[in-house]
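Each chain is listed here by its residues.
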Amino acid sequence: MKHIKILGITGGVGAGKSTILSYLAQQYGARVIELDKAAHLCMQPGTSCYEQIVDRFGKKILKEDGSIDRPVLSRIVFADRQEVEALNHMVHPAVKAYIRKEIRKERESGKVPFVVLEAALLLEDHYDEICDEIWYVYVEEETRIRRLQSSRGYTPEKTRAVLKNQKSDEEFRRFCQFMIDNSSDNVENTYKQIDRGLMTHGFL
Ligand SMILES: CC(C)(COP(=O)(O)OP(=O)(O)OC[C@H]1O[C@@H](n2cnc3c(N)ncnc32)[C@H](O)[C@@H]1O)[C@@H](O)C(=O)NCCC(=O)NCCS
Ligand SMILES: Nc1ncnc2c1ncn2[C@@H]1O[C@H](COP(=O)(O)OP(=O)(O)OP(=O)(O)O)[C@@H](O)[C@H]1O
């Protein structure tokens, strides 16, 4: 089995993690796995996570077709830390098992130069056990609020509510091995930092 390195990309909501992931996939052929997307897969009807979530939050969080209405669930959990913790407790073990399986598949096939895992919660969920390094994507809060308002229609209140459930800038800096500053509206400045990081940190 080929040893393929695992790079974690983290940072708060709207920092530009998905933007960076697209670059890593297109420019370097990396396999990228978004934990949000993996979580959505693990919460589909028929899974044990789905059953647990409906048991806890009730049928009011379901759409007509029986799937989970994420904006509704989002309003409940991001208003109350206990609720978000309950959700995490149900979803995160399944996500981690899925990630481990995907990494094993990539190592068996040996086709990609490295694997990238992306989530706001890599540190909380101890993905340092799986990743060779975790890199932090930094953008100051007001810029993120502005970008998310124009691209996703998030109100400043929604962005702030999500932020409150995520690590502070100081904690991200303390626990990550490299920082990418994505504050510039010219994304080429960000790409240059990634190129340099991959080179100097042994991913290429
Ligand atoms: C709460 C849910 C229903 C909201 O869905 P919605 O479609 O509105 O938003 P989306 O999934 O795109 O998430 C938006 C952003 O919120 C943040 N976020 C999501 N879940 C969490 C969480 N549990 N704790 C802190 N921040 C979170 C992330 O920055 C994420 O990118 C959804 O995020 C969810 O199911 N979360 C639980 C799964 C999870 O923890 N995912 C995070 C990585 S494992
Ligand atoms: N350097 C940049 N200049 C201008 N806009 C940017 C830049 N980087 C990202 N954006 C925009 O900011 C928004 C948020 O970026 P993105 O979706 O990549 O964030 P994210 O960290 O993946 O968010 P989430 O945590 O919610 O998944 C997007 O609309 C994206 O196009």
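Everything here concerns the structure above.
Conventions and cut-offs
Residues numbered from 1 in each chain as written. Chains lettered and ligands numbered in written order. Predicted model: local features only at pLDDT ≥ 70, side-chain atom pairs only at ≥ 80, totals over all residues. Heavy atoms only, no water. Helix = DSSP H or I, 4+ residues; strand = E, 2+ residues; numbered from the N terminus. Buried < 20%, exposed > 50% of the residue type's maximum accessible area, 1.4 Å probe, protein only. Contact = heavy atoms within 4.5 Å. Polar contact = N/O pair within 3.5 Å; in protein donor to acceptor, adjacent residues only side chain to side chain. Near = heavy atom within 4 Å. Areas by Shrake-Rupley, 256 points an atom, 1.4 Å probe, with all protein chains shown as cover. 1 Å grid on protein atoms, 1.4 Å probe; cavity = no way out; pocket = protein on both sides within 12 Å on 5 of 7 lines; lining within 4 Å. Sits in = over half its atoms within 2 Å of the grid points. Nonpolar A, V, L, I, M, F, W, Y, C, P; charged D, E, K, R; others polar.

### Observations concerning the environment of Tyr28
With respect to the element layout, Tyr28 can be found in helix H1 (residues 17–28). Residue classification places Tyr28 among the partly exposed residues on the basis of a relative accessible area of 21%. Taking the C-alpha atoms as reference points, Tyr28 and Glu140, 112 residues apart in sequence, are found 27 Å from one another. Once residues lying within four places of it in the same chain are set aside, the contact partners of Tyr28 are Tyr23, Pro113, Phe114, Asp195, Leu198 and Leu204. One polar contact links Tyr28 to Asp195, side chain to side chain, over a distance of 2.6 Å.

### A closer look at the site of ligand 2
Looking at ligand 2, there are 15 residues lining it, with Lys17, Ser18, Thr19, Arg152 and Asn182 nearest. Between an oxygen atom of ligand 2 and a side-chain N or O atom of Thr19, the distance comes to 2.7 Å. For ligand 2, whose unbound accessible area comes to 640 Å², protein coverage reaches 79%. A molecule is said to occupy a pocket when more than half its atoms come within 2 Å of that pocket's grid points, and by this definition ligand 2 occupies the largest pocket. Among the elements of the structure, H1 and helix H6 (141–152) are those that each provide at least two residues to the shell around ligand 2.

### Focus: the site of ligand 1
Around ligand 1, the structure places 22 residues, and the nearest of them are Asp36, His40, Asn88, His92 and Gln166. One of the side-chain N or O atoms of Gln166 is found 2.9 Å from an oxygen atom in ligand 1. Protein chains bury 91% of the 760 Å² of accessible surface belonging to ligand 1 in isolation. When each cavity is represented as a set of grid points, ligand 1 is found to reside in the largest pocket. For the shell around ligand 1, the secondary-structure elements that each account for two or more residues are helix H2 (35–42), helix H4 (70–77), helix H5 (81–109) and helix H7 (156–164). Counted by class, the shell around ligand 1 contains 13 nonpolar, six polar and three charged residues.

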